[in-house]
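Structural characterization, general
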Amino acid sequence: MSANDPFARLPEAAAFTVTSTTVRDGGAWPPAQWSSGAPGGKDVSPQLNWSGAPAGTKSYAVTMYDPDAPTGSGFWHWAVANIPATTMTLPEGVGDDAGSGLPVGSFQLPNDARLPRYIGAAPPAGHGEHRYFVTVHALDVEDIGIASDSTPALLGFTIAGHILGRATLVATAETVQ
């Protein structure tokens, strides 16, 4: 694991709270949140609740990023854009192929496996513990204005100038040899 912080070079943003009934901040992912390519993995997105977003929030984006992936650029596991400001929770499993239960108007972008869905943790065997940053971004626009087939990196670039607040929980996973 490296010490890199994916938010270190981004503008400061007000903090608010994100919690999950699926995993606690700093805890290990349960098996269902692992990739279906791992033993017991089911690619089930975590349940998320958030509160305390800054005044003026008009929408949210949710991302899940592994900065410890051995790629030189990390690995984007999940990205959801245009979540209405009235939404404060996403149920477990909402990141399936159909985006079942996503709020009207929101959409999932293709992850780094090029699948428009949640893909679970799958650190390479013997690579050590990986951190998965699950972040809710509070935005000052209702529609971020990108295509649904955009990359999570483009979403991150586009939202950078619209972030009012950021709430992050970090889950971990490790595949032992």
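A few points on the structure. Here the structure is a predicted model, which is why all the values come from computation and not from measurement. (Residues numbered from 1 in each chain as written. Predicted model: local features only at pLDDT ≥ 70, side-chain atom pairs only at ≥ 80, totals over all residues. Heavy atoms only, no water.)

1. Description of the environment of Pro110
We apply this condition: Runs of H or I in DSSP of at least four residues are treated as helices and runs of E of at least two as strands, each being numbered from the N terminus. Relative accessibility under 20% of the residue-type maximum defines a buried residue, over 50% an exposed one, and the middle range a partly exposed one, all with a 1.4 Å probe and only protein chains included.
Mapping Pro110 onto the fold places it in the loop between β7 (107-108) and β8 (130-139). Under the relative-accessibility criterion, Pro110 is labelled buried at 7%. Put simply, Pro110 and Asn49 are 61 residues apart on the chain and 23 Å apart in space, counted from C-alpha to C-alpha.

2. Quick word on the packing of aromatic side chains
For clarity, the threshold we go by: Pairing of aromatic rings covers Phe, Tyr and Trp, the last through its six-membered ring, and needs centres within 6.5 Å; plane angles under 30 degrees mean stacked, over 60 mean edge-to-face, and all others mean tilted.
Taken as a whole and assessed by the stated rule, the structure comprises five aromatic pairs. Measuring from ring centre to ring centre gives 6.3 Å for Phe16 and Tyr60, while their planes differ by 50°; the resulting arrangement is tilted. Taken as a pair, Phe16 in the loop between β1 (14-15) and β2 (17-19) and Tyr60 in strand β4 (residues 59-66) lie far apart in primary sequence, 44 residues in all. Tyr60 matches Phe16 in its accessibility class, with the two residues each being buried. Through pairs of rings, three or more aromatic residues link up here, namely Phe16, Trp50 and Tyr60.

3. Details of the sheet that holds β2
We count it as follows: For two strands to pair, DSSP has to find at least two bridges joining them.
Here three strands make up an open sheet; going across it, the order is β2-β3-β6 and the pairing antiparallel. Edge positions in the open sheet fall to β2 and β6 (89-90), since each of these has one partner strand only. Alignment of β2 against strand β3 (residues 48-51), held across three bridges, turns out to be antiparallel. Bridging across to β3, Thr17 finds its partner in Ser51.

4. Describing the layout of surface pockets
Under the convention used in this document: Cavity means a closed set of points on a 1 Å grid over the protein atoms alone, one where a 1.4 Å probe fits but cannot get out, pocket means an open set with protein on both sides within 12 Å along at least 5 of 7 lines, and lining means a residue has an atom within 4 Å of a point. Grid points are joined across faces, edges and corners, and a volume is the space filled by probe spheres set on the points. Under the scheme applied here, ten amino acids are nonpolar (Ala, Val, Leu, Ile, Met, Phe, Trp, Tyr, Cys and Pro), four are charged (Asp, Glu, Lys and Arg), and all others, including Gly, are polar.
Here the largest pocket defines a volume of roughly 280 Å³. Along the walls of the largest pocket sit 16 residues, with Pro6, Phe7, Leu10, Trp76 and Gly156 positioned nearest its centre. Here the lining of the largest pocket takes four residues from helix α1 (residues 152-159), the largest share from any one element. Residues of the lining of the largest pocket, tallied by class, amount to 12 nonpolar, four polar and no charged.

5. Quick word on the pattern of salt bridges
Inclusion rule: When a carboxyl oxygen of Asp or Glu lies within 4 Å of a side-chain nitrogen of Lys or Arg, that pair is called a salt bridge.
The final tally for this structure, using the stated rule, is two salt bridges. Of the charged contacts, one joins Asp68 and Arg131 as a salt bridge, the two residues approaching to 2.9 Å between their closest N and O atoms. Of this pair, Asp68 sits in the loop between β4 and β5 (75-84) while Arg131 sits in strand β8; the two residues are 63 residues apart in sequence, bridging distant segments of the chain. In this pair, the class of Asp68 matches that of Arg131, namely buried. Across the pair Asp97 and Arg117 runs a salt bridge whose closest N-O atoms are separated by 2.7 Å. Taken together, the residues span a long stretch of sequence, with Asp97 in the loop between β6 and β7 and Arg117 in the loop between β7 and β8 at a distance of 20 residues.

6. Considerations on the sheet that holds β5
Judged by pairing direction, the sheet is mixed, and its six strands sit side by side in the order β1-β9-β8-β4-β5-β7 without closing on themselves. The open sheet has two edge strands with one neighbour each: β1 and β7. Both β5 and β7 contribute to a ladder of two bridges, which runs antiparallel. In the sheet register, Ala81 faces β7, and the bridge partner there is Phe107.

7. Comments concerning unusual backbone geometry
Although it is not a glycine, Asn82 adopts a positive phi angle of roughly 60°. Position of Asn82 relative to the elements: it lies in strand β5. Backbone geometry places Arg114, a non-glycine residue, at a positive phi of 65°.

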